[in-house]
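Single-letter residue listing:
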Amino acid sequence: MKRIKVRAPATSANVGPGYDIFALALEDPFDEIELLVSDEGGIDIDIENDTQGIPRTVADNTAGLAVSELFRRKGIHKGVRIRIIKRMCSGGGLGTTGASAAGAVSGLNTLLELGLTHNEMIDIARMGEVASGGSPHADNVAAAIMGGFILVKSYFPVDVLKLELPDIPVVLAAITKSQRTTRGFITYEIGQEKLKEQMARCSRVIHAIHSGDPTEFGKAVSVDYIHEPVRGSAIPGYWEIKKKILDTGAYGCTISGGGSSVIAFCPENCRETVAELMNREFSSNPHFIRVYQTRISNSGIRVLEME
Ligand code: HSE
């Protein structure tokens, strides 16, 4: 029997205009994934602190699906007990489903010395996301595996680039969404003008990272015409609260991943103000969980224990 326990970080996908192609890793919160591997048996899933009724069946669980995809592709015949220790809320756009899939694939890669590249792990782990949102998007799993800011350079084949980010404080209001996924309401039919602006904004995000400029980064991530209009309209008071957050001096504000959490990037001296504002403004939202004061992290999945 071999055992590994990893820490898989929360990730915030899309980062404004980069729907399905941008994501970044956060220092907190995180989940833990423990894998016990034996020579025989199937894939078993056990979840601790599950408040959302996450499926335990292999085909309906992101980690289970990702591990079965890994075994299928690599011709591995082993038994695995996957123990997911939830430390972040599900259904809030914090990438927890991706964290489970990425943690399981990355943990097995280390434990079984499979020698997979980052792109291979991402391509396998993203298949697990089908169990959650019905789509194999690579953004969350890539940021969980690699840390930092990730940019999907290509989906055919999957090719992901990691960019190191400046140390920017993050204030995040964790809010769960009422529907399982809102992806079906998102349209690419946004018209020529907005499409041009969307591409310009994506370029601006990358330029801001290359020049290490948090102000420029914040401005770039605060505009999106693809997912934010859909997800913003599902968060009561979102547009007014976003404006108030930006008025405090925050660099930028947008919706985290598939929503409905709201993420703000801010200078150190206004993070308390932003946290208080979020607590006040979102407290009447029945889906509001809590505010996290965290930071962008350039580290991805970390091994906690191995034997
Ligand atoms: N890019 C994905 C989406 C991330 O926006 O649906 C889900 O967390």
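About the criteria used
Residues numbered from 1 in each chain as written. Predicted model: local features only at pLDDT ≥ 70, side-chain atom pairs only at ≥ 80, totals over all residues. Heavy atoms only, no water. Pairing = 2+ DSSP bridges. Helix = DSSP H or I, 4+ residues; strand = E, 2+ residues; numbered from the N terminus. Axes fitted to C-alpha atoms, helices over the stretch in contact; angles between N-to-C directions. Contact = heavy atoms within 4.5 Å. Buried < 20%, exposed > 50% of the residue type's maximum accessible area, 1.4 Å probe, protein only. Domains from an automatic or database assignment. Buried area = accessible area lost by both parts, 1.4 Å probe. Salt bridge = Lys/Arg side-chain N within 4 Å of Asp/Glu carboxyl O. Nonpolar A, V, L, I, M, F, W, Y, C, P; charged D, E, K, R; others polar. Core = buried A, V, L, I, M, F, W, Y, C linked by side-chain atoms within 4.5 Å.

J.: It is not clear to me how the sheet that holds strand 8 (residues 252–255) should be interpreted in this structure. Could you clarify?
T.: Here four strands make up an open sheet; going across it, the order is 8-9-7-10 and the pairing antiparallel. Edge positions in the sheet fall to strand 8 and strand 10 (288–295), since each of these pairs with one other strand and no more. Between one strand axis and the next, the sheet turns by 15° as a mean value, whatever way the strands run. Inspection of the sheet shows strand 7 (residues 169–175) paired to strand 10 by seven bridges, in the antiparallel sense. Across the sheet, the residue bridging to isoleucine 175 is phenylalanine 288, located in strand 10. In the packing of helix 10 (residues 271–282) onto the sheet, contacts are made with strand 7, strand 9 (262–265) and strand 10, and the angle to strand 10 comes to roughly 170°.

J.: I tried to follow the side chain of serine 135 on my own but got confused; where do I start?
T.: Summarising the element assignment, serine 135 is placed in the loop between helix 4 (130–133) and helix 5 (139–146). For serine 135, a relative accessible area of 14% puts it in the buried group. Look past the residues within four positions of serine 135 in its chain and what remains in contact with it is Glu129, Val130 and Arg183.

J.: What exactly am I supposed to notice about the domain arrangement of the protein here?
T.: Reports of interface size often rely on the accessible area that becomes lost once the parts have come together. As assigned here, the protein comprises domain 1 (2–165 + 297–306) and domain 2 (169–295). For domain 1 and domain 2, the distance between their C-alpha centres works out to 24 Å. With 37 residues of domain 1 in contact, the opposing surface of domain 2 contributes 40 residues. Carbon and sulfur atoms make up 62% of the area that domain 1 and domain 2 hide from each other, which totals about 2,600 Å². When the buried surface of domain 1 facing domain 2 is broken down by residue, Gly16, Pro17 and Tyr19 rank first, second and third, together holding 25% of it. The interface formed by domain 1 and domain 2 contains one salt bridge. With a closest N to O distance of 2.7 Å, aspartate 20 and arginine 183 form a salt bridge. When residues of the side of domain 1 that touches domain 2 are traced back to their parent elements, those giving at least two are strand 1 (2–13), strand 2 (22–38), helix 4 and strand 5 (149–155). When residues in the side of domain 1 that touches domain 2 are grouped by element, the largest group, seven residues, is from strand 2. Within the side of domain 1 that touches domain 2, the residues separate by chemical class into 17 nonpolar, 15 polar and five charged.

J.: Any chance you could explain the nonpolar core here in plain terms?
T.: In summary, soluble globular proteins display a tendency toward joint burial of nonpolar side chains. Residues Ile82, Ile122, Phe149, Phe217 and Phe265 are the most contacted members of the largest nonpolar core, which totals 74 residues. Contact partners of phenylalanine 217, with chain neighbours within four places excluded, come to Val15, Leu24, Leu165, Ile168, Val205, Ala208, Ile209 and Phe265. If you look at the next biggest cluster of nonpolar residues, it comprises 21 residues, including Ala173, Ile241, Ala264 and Phe288.

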